[in-house]
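Structural characterization, general
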Amino acid sequence: MAKLYVVGTPIGNLKDITLRALDTLRAVDIIACEDTRHSLPLLSHYDIHAKLIAYHKFNEAECSERILDSIESGQNVALITDAGMPSISDPGAELISKCHERGVNVELVPGPTAVASAVTLSGLKASGFTFLGFLPEKSADKAAILSKAAASGLPIVIYVAPHDLTKTANSLLSILGDRSVTVVREITKMYESVTKTTLADFHCEERGEIVMIIEGAEQTNPLNSLTVKEHLSHYISLGMDKKEAVKQVAKDRNLPKNEVYQQAVEL
């Protein structure tokens with residue numbers, strides 16, 4: 001049975017395409033791409049000559065139906081975008097969803113993504129992050145989505161067009177307050193760069209493909225609102241022995257262990 005292949009393509013350096021992606025693109029009958037003019041250099045470079053059709057955010061609904069009809073008639077279709085993985089801040093989600101609804105097989109052929117590459121390159125030390133893609137244009141929508149994301153306390157990762165970079169930094173400052181920010185530009189390309197700055201003193205070249213990583217807000221331990229004795233009692237009630245509870249409370253509250261121990265003696 002024919003199927004849809006979701007294929008990742010390089011985000012800059014043409015050599016980053018996988019062998020499996022090349023085999024797939026050479027084997028399918030149709031390649032649906034975001035911009036045929038943009039994809040042609042990559043496909044020509046690797047001697048790939050499948051039929052191309054345009055699949056972008058302005059024709060997703062109509063083109064999804066045409067692609068599904070082609071697959072159901074026995075033609076294999078590969079879906080690619082200008083760079084990276086389809087449906088991650090790029091068209092693709094609607095087609096993939098409709099395939100699942102109609103029982104059409106979907107096979108993933110993964111490739112690089114700017115968000116994962118930027119987080120890796122930034123040296124971010126966090127257990128997770130919140131990815132928002134491109135922010136909404138309207139100020140109210142922007143404030144709403146950022147405020148919701150900020151509530152998690154996790155770092156926030158966004159894509160930014162170069163001409164919007166300084167304006168976006170100013171918006172972030174007004175909504176989130178001053179924070180450290182890492183700007184990763186031109187990933188895998190000749191002028192790849194990582195700039196560490198702050199929202200209040202923002203400086204970075206407005207050029208190229210850009211990913212911004214904004215540090216998360218510091219989270220206050222709710223147990224620190226208790227008295228030291230109440231804090232100790234909480235941990236002891238969870239099964240910690242007194243020595244471990246003293247150690248943990250001292251760490252939570254950034255206090256000397258001796259000071260916490262004196263409180264533990266009185267329990």
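Here the structure is shown first, and the text comes after it.
Okay, so let's go over this structure.

1. As for the environment of methionine 85
Positionally, methionine 85 belongs in the loop between β4 (77–79) and α4 (93–101). With relative accessibility at 10%, the residue methionine 85 sits in the buried group. Between the C-alpha atom of methionine 85 and that of proline 110, which follows or precedes it by 25 residues, the distance is 7.2 Å. Beyond its immediate stretch of four places on either side in the chain, methionine 85 contacts Val6, Gly8, Asp90, Leu108, Val109, Pro110, Gly111, Pro112 and Thr113.

2. Some points on the pairing of strand β8 (residues 180–185)
The buried fraction of β8 is high, at five of six residues. When β8 meets strand β9 (residues 193–198), the two strands line up antiparallel, connected through six bridges. Looking at the pairing, valine 184 lines up with valine 194 of β9. Of the strand pairs in this sheet, β8 and strand β10 (residues 210–214) are connected by five bridges, and their pairing is antiparallel. Bridge pairing links valine 183 to methionine 212 in β10.

3. Topic: the nonpolar core
By size, the foremost hydrophobic cluster in this structure holds 20 residues, and its most contacted members are Ile156, Ile158, Leu172, Phe202, Met212 and Ile214. Mapped onto this core, the elements with two or more residues apiece are α6 (139–150), β7 (156–160), α7 (165–176), β8 and β10. Every residue in contact with isoleucine 214, bar those within four places of it in the chain, is listed here: Pro155, Ile156, Ile158, Leu172, Leu176, Arg179, Ser180, Val181 and Leu199. Grouped together as the second largest cluster of nonpolar side chains are 18 residues, Ala32, Tyr55, Leu68 and Val77 included.

Criteria and cut-off values
Residues numbered from 1 in each chain as written. Predicted model: local features only at pLDDT ≥ 70, side-chain atom pairs only at ≥ 80, totals over all residues. Heavy atoms only, no water. Helix = DSSP H or I, 4+ residues; strand = E, 2+ residues; numbered from the N terminus. Buried < 20%, exposed > 50% of the residue type's maximum accessible area, 1.4 Å probe, protein only. Contact = heavy atoms within 4.5 Å. Pairing = 2+ DSSP bridges. Core = buried A, V, L, I, M, F, W, Y, C linked by side-chain atoms within 4.5 Å.

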